[in-house]
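Read off the chains here:
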Amino acid sequence: MNTEEVLDIFRECGALLHGHFILSSGLRSPVFLQKARVFMHPEKAEKLCRALAARIRAEGFGDVSQIVSPAVGGIIPGYETARHLGVPAIYTERINGVFELRRGFEIKKGERVLVVEDIVSTGLSIRECIDCLEAIGADVVAAACLIDRSGGEADIGVPLVALTRYKVPAYPADALPPELAAIPAVKPGSRGLQ
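Numbering of residues begins from 1 in every chain and follows the order in which that chain's sequence is written. Local features in this predicted model are restricted to residues whose pLDDT is 70 or higher, and side-chain atom pairs enter the listing and the counts only when it is 80 or higher, whereas totals over whole chains, interfaces and linings include all residues. To get the side-chain values, all heavy atoms of the structure are used, and hydrogens and water are removed first.

Draft legend 1. Fine view of the packing of helix 3 (residues 42-58) against helix 4 (residues 75-85). For every element, the axis is a line fit to its C-alpha atoms; helices are fit only across the contacting stretch, and the angle between N-to-C directions ranges from 0 to 180 degrees. Here a strand is any run of E in DSSP of at least two residues, a helix any run of H or I of at least four, and the numbering for each starts at the N terminus. Relative orientation of the contacting elements helix 3 and helix 4 amounts to 60°, with a least axis distance of 8 Å. What the angle tells us is that helix 3 and helix 4 run oblique. As for how helix 3 packs across helix 4, the hand of that crossing is right-handed. Along its contact with helix 3, which presents Ala45, Glu46, Cys49, Arg50, Leu52, Ala53, Ile56 and Arg57, the element helix 4 presents Pro77, Glu80, Thr81, Arg83, His84 and Leu85. Gly is put with the polar residues, along with every residue not named as nonpolar or charged; the nonpolar set is Ala, Val, Leu, Ile, Met, Phe, Trp, Tyr, Cys and Pro, and the charged set is Asp, Glu, Lys and Arg. Tallied by class, the residues present in the contact of helix 3 with helix 4 amount to 7 nonpolar, 2 polar and 5 charged. Throughout, the term roughly parallel applies to angles under 35 degrees, roughly antiparallel to angles over 145, roughly perpendicular to angles from 65 to 115, and oblique to all others. Take the far helix as the reference: if the near one is turned anticlockwise from it by less than a right angle, the crossing is left-handed, and if turned clockwise, right-handed. Should any heavy atoms of two residues lie within 4.5 Å, those residues are considered in contact.

Here you go:
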């Protein structure tokens, strides 16, 4: 899938929003990708994640034992991508602000895993998930996402496979362009709600 095909799915689902948004990173942006509106349609999530799994294989990272995703946003794309790769899907959860494996999920020392996230802006959630996994001895071979909105600039410490890159402007709250500062900000993401 190319960028326009991916964005068309977001548009069809009313998930490509314009306004003034507070991202989970704290940055502000005139564009928000409300992936929950895409994931509510199983056939759309399946199409995107099937394409992501194909991209993961094509880039040489398909030989893993499990997919691990940061909760909450990564759970659905992680599960669906794992289904197409034929491996189990598990996820980390924030406990007192730090990602941990819970619910009986396990990773053996040296086990090759891939982290799957929904949207990457700064890469913070993926980096925190990788830190958790490496602390328990996992070999995180790469990470993958549906959309890299950093345009390839996010440094996550391992290779990042993106279904598409879609560079979206993001600004610190104290450095907004006048047209964005004139619009009331909303926070549609989930970080900080737990």
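Picking up where we left off.
Draft legend 2. Up close: the pairing of strand 4 (residues 89-95). The buried fraction of strand 4 amounts to 5 of the 7 residues, a majority that puts the element mostly inside the structure. Each parallel crossover has a hand, and the one from strand 3 (residues 66-70) via helix 4 to strand 4 is right-handed. Here the rule is simple: two strands pair whenever DSSP picks up at least two bridges between them. The pairing of strand 4 with strand 5 (residues 98-101) spans 4 bridges and is classified as antiparallel. Counterpart to glutamate 93 in the pairing with strand 5 is glutamate 100. Where strand 4 hands over to strand 5, the hairpin turn is made up of 2 residues, of which asparagine 96 adopts a positive phi near 50°. Think of it in three bands: with a 1.4 Å probe and only protein chains considered, a residue is buried below 20% of the maximum accessible area for its type, exposed above 50%, and partly exposed in between. With the strands aimed away from the viewer, a crossover counts as right-handed if its path from the first strand over the helix to the second runs clockwise.

Draft legend 3. A look at helix 3. Taking 1.5 Å of rise per residue, the 17 residues of helix 3 would be expected to cover 24 Å, and the 24 Å separating its terminal C-alpha atoms lies within 8% of that figure. Its buried side turned inward, helix 3 meets helix 1 (3-12), helix 2 (35-39), helix 4, strand 6 (112-120), strand 7 (139-148) and strand 8 (160-165). Positive phi shows up at glycine 60, right after helix 3, with a value of about 85°. What a helix should span is 1.5 Å times the count of its residues minus one.

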